[in-house]
Amino acid sequence: MASSKAVDGVGEAQTGKKEKKTKMVDESDLLTVPDGWKEPTFTRDDNPRGLLEESSFATLFPKYREAYLKECWPLVEKALAEAHIKTSLDLIEGSITVSTTKKTFDPYAIVRARDLIKLLARSVPFEQAVRILQDDIACDIIKIGTLVRNRERFVKRRQRLIGPKGSTLKALELLTNCYVMVQGNTVSALGPFGGLKEVRKVVMDTMKNIHPIYNIKTLMIKQELSKDPELRVQSWERFLPKFRHKNLTKRREPKKKSVKKEYTPFPPSQPESKVDKELATGEFFLRESVKKRKKMEEIKVKQAEALTKRQEERNKAFIPPKEKPLMKKTTKAPSEGKLDIEAIKEKVKKAKTKKLGAPPVNPAPPTDNTSNKKKKTKTKG
């Protein structure tokens, strides 16, 4: 028992020491990569015996890529020959195959060659596709064809990713240090691992109807914040913008709204049968002859009501429409109780002075000036 306790004590002491050691190490130092550090290249000295078995990959390419592949094929063969990988172009079948040889020493070279022919088949130019053979470069082919059902909507969102004259795509390339190619139902990206992660996020969000400009803005802010060494350890949530999804268009409400009834644990009451209704009204105890007579009376009443409705509808055509009155009745203004006599006298005086109309009843006597003028005219004559 004593020995077991001693062992437990030693174990606790050792674990305590380990915990102390881990606490002393700063997590930021473990996550950060020192400046200028690069992984050493894989050489023949690392694998002098080569590979045990031959492995190969093949991919198909569309007909329109045939002319371009013919032109750049010597360059493809030269680039893959450095990694000791054999290539073949089959124009009849429309396929490219890559396979390892006895001289191949790098086991990952065949995977890079597979990515190279995939990119070439998806309209990526050779100058960009060759970069996949480098150690710090990877590729990602994002399939976007099945993310949106409606074809017109899919084309609009794909064009939104490209932007006017390819400006959105160019901004994304500059921020992520990746080459992005939008072709058909796929998006091919080529660059560092961190950049590829951001490209995939932007592409997927664009297909989910989130505008790429929002993600581009956050990337720009992150790029500026990464330059400051003090903010490298801190959280960046307070600096990043928070965009809320605004649904401006209101949801269309249906014409017929189904109102749910309140839930009751009891089942609905059983509907009354024909016999129950007759018992309630007292018809059940009547004779058959009386029942028939009553039914006939009800039928006659219904027929009479239908007849009157039909006659009213027929007579509507013979009813003349109401004619509008030709002249509207003018309502005279209410006359004032008292007449203004002085105003009437002035109007009469003004009418007399005017020469128009009939001459005045009592003409005024001629003045002296007018008689003198008449005499002068006579003497001259």
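Residues numbered from 1 in each chain as written. Predicted model: local features only at pLDDT ≥ 70, side-chain atom pairs only at ≥ 80, totals over all residues. Heavy atoms only, no water.

Peer 1: Could you give an account of the overall build of the protein chain, with specific residues and numbers?
Peer 2: Along the protein chain, the regular secondary structure elements total 13 helices and 6 strands. Relative to its full complement of 381 residues, the protein chain shows a buried share of 22%. Sequence-distant contacts in the protein chain: of pairs separated by 6 or more residues, those separated by 24 or more amount to 58%. When the accessible surface of the protein chain is summed, it comes to about 33,300 Å², and 56% of that surface belongs to carbon and sulfur atoms. (Helix = DSSP H or I, 4+ residues; strand = E, 2+ residues; numbered from the N terminus. Buried < 20%, exposed > 50% of the residue type's maximum accessible area, 1.4 Å probe, protein only. Contact = heavy atoms within 4.5 Å. Areas by Shrake-Rupley, 256 points an atom, 1.4 Å probe, with all protein chains shown as cover.)

Peer 1: Kindly report on the confidence of the model for the protein chain, identifying the contributing residues and their values.
Peer 2: Per-residue confidence for the protein chain gives a mean pLDDT of 82, with 79% of residues at or over 70. For the stretch residues 1-23, pLDDT sits under 50, and the model shows 0 contacts to residues farther than four places along the chain or on other chains. (pLDDT = per-residue confidence, 0-100.)

Peer 1: Give a description of the sheet that holds strand E3 (residues 95-100) that names residues and reports values.
Peer 2: Taken together, 3 strands build an open sheet; the order of strands is E1-E3-E2 and the sheet is antiparallel. Single-partner strands in this sheet number two, and they are strand E1 (56-60) and strand E2 (85-90). Averaged over all pairs of adjacent strands, the angle between their axes in this sheet comes to 15°, without regard to strand direction. Along the sheet, helix H3 (residues 66-81) makes contact with E2 and E3, crossing E2 at roughly 165°. (Pairing = 2+ DSSP bridges. Axes fitted to C-alpha atoms, helices over the stretch in contact; angles between N-to-C directions.)

Peer 1: Quick rundown of the packing of aromatic side chains? Include the residues and the values.
Peer 2: What the rule picks out here adds up to 2 aromatic pairs. Aromatic side chains Phe-42 and Phe-105 sit 6.4 Å apart centroid to centroid with 10° between the ring planes, which places their arrangement in the stacked category. Note that Phe-42 is positioned in the loop between helix H2 (27-31) and E1 and Phe-105 in the loop between E3 and helix H4 (109-121), a separation of 63 residues in sequence. Taking relative accessible area as the criterion, Phe-42 reaches 39% and is therefore assigned partly exposed. Under the relative-accessibility criterion, Phe-105 is labelled buried at 16%. Note that Arg-114 overlies the ring of Phe-57, its terminal NZ or CZ placed 5.4 Å from the centroid. (Phe/Tyr/Trp six-rings, centres within 6.5 Å; stacked < 30°, edge-to-face > 60°. Lys NZ or Arg CZ within 6 Å of the ring centre and 35° of its normal.)

Peer 1: Go over the side chain of Ser-99 with me, naming the residues and quoting the values.
Peer 2: Relative to the helices and strands, Ser-99 is located in strand E3. Its relative accessible area of 9% is what places Ser-99 among the buried residues. Apart from the residues within four sequence positions on either side, Ser-99 is in contact with Glu-54, Ser-55, Ser-56, Ile-85, Lys-86 and Ile-110.

Peer 1: Break down helix H8 (residues 193-207) for me, citing the residues and quoting the values.
Peer 2: An ideal rise of 1.5 Å per residue puts 21 Å on 15 residues; H8 measures up with 22 Å between its terminal C-alpha atoms. For H8, the set of buried residues is Gly-195, Leu-196, Val-199, Val-202, Val-203, Asp-205, Thr-206 and Met-207. If you follow the buried residues of H8, they end up packed against strand E4 (138-143), helix H6 (151-162), helix H7 (167-176), strand E5 (179-183), strand E6 (186-191) and helix H9 (212-226). Phi turns positive, to about 70°, at Asn-209, one or two residues after H8. (Expected span 1.5 Å × (residues − 1).)

Peer 1: Lay out the packing of H7 against H9 in plain terms, naming residues and giving numbers.
Peer 2: At their nearest, the axes of H7 and H9 sit 10 Å apart, and the two run at 25° to each other. By the angle between their axes, H7 is roughly parallel relative to H9. Our pair here, H7 against H9, has a crossing hand that is left-handed. Here Thr-168, Ala-171, Leu-172, Leu-174, Leu-175 and Thr-176 of H7 lie close against H9, whose contacting residues are Pro-212, Ile-216, Leu-219, Met-220 and Gln-223. Class assignment for the residues of the contact of H7 with H9 results in 8 nonpolar, 3 polar and no charged. (Parallel < 35°, antiparallel > 145°, perpendicular 65-115°, else oblique. Left-handed = near helix turned anticlockwise from the far one by under 90°. Nonpolar A, V, L, I, M, F, W, Y, C, P; charged D, E, K, R; others polar.)

Peer 1: Describe the pairing of E5, and please don't skip the residues or the numbers.
Peer 2: Successive residues of a regular strand alternate their side chains across the two faces of the sheet. Counting buried positions along E5 yields 4 of 5 residues, so the element is predominantly enclosed. Bridge count for E5 against E6 is 5 bridges, and the pairing is antiparallel. Its bridge partner lying in E6, Met-181 is registered against Ser-188. Between the antiparallel neighbours E5 and E6 lie 2 residues, among them Gly-184 with a positive phi of about 65°.

Peer 1: Break down the layout of surface pockets for me, citing the residues and quoting the values.
Peer 2: One number sums up the size of the largest pocket: a volume of about 600 Å³. Forming the walls of the largest pocket are 13 residues, and the residues nearest its centre are Thr-176, Asn-177, Pro-192, Gly-194 and Gly-195. Of all the elements in the fold, those that place two or more residues in the lining of the largest pocket are H7, H8 and H9. Looking at the lining of the largest pocket element by element, the count peaks at 4 residues for H8. (1 Å grid on protein atoms, 1.4 Å probe; cavity = no way out; pocket = protein on both sides within 12 Å on 5 of 7 lines; lining within 4 Å. Points joined across faces, edges and corners; volume = space filled by probe spheres on them.)

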